[in-house]
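Next come the chains, spelled out residue by residue.
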Amino acid sequence: MVEMWVRGIFFKQVLDYIQENKSQTSFDLLDMSPDDFRVEERYDFEVFCQLLAKIDVMANEDNGSYITKIARDTMTKEAIWKVQFRKLDPKNVFMTTKRQEGRHQIADFEPIYHGQGCVSIKMNMWTQDKAFQNLWANFYRGRLEGVLELMGRKGEVKLIREFGEGAFTYDITWE
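In short, a report on the structure. From a predicted model like this one, the values you see are computed outputs, not experimental measurements.

### Topic: helix 7 (residues 130-150)
The periodicity of an α-helix, 3.6 residues per turn, causes residues three or four places apart in sequence to face the same way.
Thought 1: Its 21 residues give helix 7 an end-to-end C-alpha distance of 30 Å, which sits within 8% of 30 Å, the value for a rise of 1.5 Å per residue.
Thought 2: Extensive coverage of helix 7 is indicated by the burial of 16 of its 21 residues.
Thought 3: Measuring from the backbone nitrogen of Ala131 back to the side-chain oxygen at the start of helix 7 gives 3.0 Å, which picks out Asp129 as the cap.

What follows is the structure, encoded as structure tokens:
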């Protein structure tokens, strides 16, 4: 089995977001602190999904939209990405998944170009846990929406749950 991990930056961003946007009681219930995680360290993917699961319960939404919102908002606030993605062509950005390899290792990704203003990214998750698959799928959607926003483009990221274990497709369109 392949080792699945995410960088500590994800934990720090999500925990900082909850601390800023939810009550202290809600933050305390997570039983984690941003100080518990080092930005560049690798942490177990399942531990991150357990954090997302607690937040999803706290948000009391069935569709994962709060998880997507957290991912989008934390993506657009990350200083390094503001500079890197400004005014880039979405086709060039979404047709490569290399830049994310240093941030997480949890799935196989395959970008597909459909023509002007449309790219799909197929994601095949390595975990068999359906709850974790769905949590990450919603989180990743928010990250993609954040990238699109950072490029200054109007568009949409549509999440499609494919038939099969852990298979998802993101249809990304922009003007």
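Still more ground to cover, so stick around.
### Section: empty space enclosed by the protein
Thought 1: The full count for this structure, using the stated rule, is one cavity of 30 Å³ or more.
Thought 2: For the largest cavity, the calculated volume is near 250 Å³.
Thought 3: Taken together, 18 residues line the largest cavity, and the ones lying closest to its centre are Met75, Arg99, Gln100, Tyr140 and Val147.
Thought 4: Listed by contribution, the elements that provide at least two residues to the lining of the largest cavity are helix 5 (79-85), helix 6 (90-94) and helix 7.
Thought 5: When residues of the lining of the largest cavity are assigned to their parent elements, the largest contribution, five residues, is made by helix 7.
Thought 6: Counted by class, the lining of the largest cavity contains 11 nonpolar, four polar and three charged residues.

### Quick notes on the nonpolar core
Thought 1: Core analysis: the largest hydrophobic core is formed by 54 residues, its most contacted members being Phe48, Phe94, Met123 and Trp136.
Thought 2: At 10 residues, the largest contribution of residues to this core is made by helix 7.
Thought 3: In contact with Phe48, not counting residues within four places along its chain, are Val6, Phe10, Phe11, Val14, Trp136 and Phe139.

### Let's talk about the packing of aromatic side chains
Thought 1: All chains considered together, the criterion is met by 16 aromatic pairs.
Thought 2: In this structure an aromatic cluster arises from ring pairing among Phe10, Phe11, Phe37, Tyr43, Phe45, Phe48, Phe109, Trp136, Phe139, Tyr140 and Tyr170.
Thought 3: The ring centre of Tyr66 lies 4.9 Å from the NZ or CZ of Lys22, which sits over that ring.
Thought 4: The ring of Tyr113 is capped by Lys91, whose NZ or CZ atom sits 4.8 Å from the centre of that ring.

### Quick word on a negative patch on the surface
Thought 1: Side chains of Asp16, Glu20, Asp28, Asp31, Asp35 and Asp36 sit close together on the surface and give a patch of like negative charge.
Thought 2: Structurally, Asp28 can be placed in helix 2 (residues 24-29).
Thought 3: For Asp28, a relative accessible area of 46% gives the class partly exposed.

### Observations concerning the sheet that holds strand 6 (residues 155-161)
Thought 1: Read from one edge of the open sheet, four strands run 4-5-7-6, paired in antiparallel fashion. Since the sheet does not close on itself, it has two edges, and those belong to strand 4 (107-115) and strand 6, each with one partner. Within this sheet the neighbouring strands show an average axis-to-axis angle of 15°, counted without direction.
Thought 2: Bridge count for strand 6 against strand 7 (residues 167-174) is seven bridges, and the pairing is antiparallel. Following the sheet pairing, Val157 is matched in strand 7 by Ile172.
Thought 3: Where helix 7 meets the sheet, its contacts fall on strand 4, strand 5 (118-125), strand 6 and strand 7, and the angle it forms with strand 7 comes to roughly 15°.

Cut-off values and rules
Residues numbered from 1 in each chain as written. Predicted model: local features only at pLDDT ≥ 70, side-chain atom pairs only at ≥ 80, totals over all residues. Heavy atoms only, no water. Helix = DSSP H or I, 4+ residues; strand = E, 2+ residues; numbered from the N terminus. Expected span 1.5 Å × (residues − 1). Buried < 20%, exposed > 50% of the residue type's maximum accessible area, 1.4 Å probe, protein only. Polar contact = N/O pair within 3.5 Å; in protein donor to acceptor, adjacent residues only side chain to side chain. 1 Å grid on protein atoms, 1.4 Å probe; cavity = no way out; pocket = protein on both sides within 12 Å on 5 of 7 lines; lining within 4 Å. Points joined across faces, edges and corners; volume = space filled by probe spheres on them. Nonpolar A, V, L, I, M, F, W, Y, C, P; charged D, E, K, R; others polar. Core = buried A, V, L, I, M, F, W, Y, C linked by side-chain atoms within 4.5 Å. Contact = heavy atoms within 4.5 Å. Phe/Tyr/Trp six-rings, centres within 6.5 Å; stacked < 30°, edge-to-face > 60°. Lys NZ or Arg CZ within 6 Å of the ring centre and 35° of its normal. Patch = residues over 30% accessible without salt bridge, like charges linked within 9 Å, V, L, I, M, F, W, Y side chains within 5 Å. Areas by Shrake-Rupley, 256 points an atom, 1.4 Å probe, with all protein chains shown as cover. Salt bridge = Lys/Arg side-chain N within 4 Å of Asp/Glu carboxyl O. Lys, Arg positive; Asp, Glu negative; His and termini not counted. Charge placed at Lys NZ, Arg CZ, Asp CG, Glu CD. Pairing = 2+ DSSP bridges. Axes fitted to C-alpha atoms, helices over the stretch in contact; angles between N-to-C directions.

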